[in-house]
Amino acid sequence: QVQLVESGGGLVQPGGSLRLSCAASGSIVGINDMAWFRRAPGKERELVAGITRAGSTNYADSVKGRFTISRDNAKNMVYLQMNSLKPEDTAVYYCYAIIIDSSRPWVNYWGQGTQVTVSS
């Protein structure tokens, strides 16, 4: 079984920075796309940033220029550097990946989420 575990969330003041990390572990054969989603209370889940295995990226308009997604294929990790944080960035952030393991074809996996709170 493959697992995704996020870390790096917490409380930060407006204008501050956080770096989220997501580690994939288990019987991994390959990892295709990886992404960060978020869900604020009472709102729909939204894509924050995505990255292909080759490194092509895309961002939500609301975070473009402030957030940077990156990955380390050797470590099976994906990161989200968040700068110039705003209160509206407050949400639970989820790691997502399309993975093939030793027993299944390409399937999607989700982490449990990490809370990011931006408040003065």
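Quick note: structure is the one above.
Residues numbered from 1 in each chain as written. Predicted model: local features only at pLDDT ≥ 70, side-chain atom pairs only at ≥ 80, totals over all residues. Heavy atoms only, no water.

Engineer: An account of the side chain of D89 is requested, with residue identities and associated values reported.
Structural biologist: Within the secondary structure layout, D89 lies in the loop between β8 (77-82) and β9 (91-101). A polar side-chain atom of D89 sits 3.1 Å from a polar atom in the side chain of R38. Ignoring any residue separated from it by four or fewer positions in sequence, one finds D89 in contact with R38, V63, R66, F67, S84, V116 and V118. (Helix = DSSP H or I, 4+ residues; strand = E, 2+ residues; numbered from the N terminus. Polar contact = N/O pair within 3.5 Å; in protein donor to acceptor, adjacent residues only side chain to side chain. Contact = heavy atoms within 4.5 Å.)

Engineer: Before we move on, can you summarise the state of the cysteines with the specific residues and values?
Structural biologist: According to the stated counting rule, one finds 1 disulfide in the structure shown. Sulfur-sulfur distance for the disulfide between C22 and C95 comes to 2.1 Å. Handedness here is read from the sign of the S-S torsion; for C22 and C95, about -85 degrees, the answer is left-handed. Placement of the pair is C22 in strand β3 (residues 18-25) and C95 in strand β9, with a sequence separation of 73 residues. (Disulfide = S-S within 2.5 Å.)

All we've got here are geometric facts, nothing functional implied.
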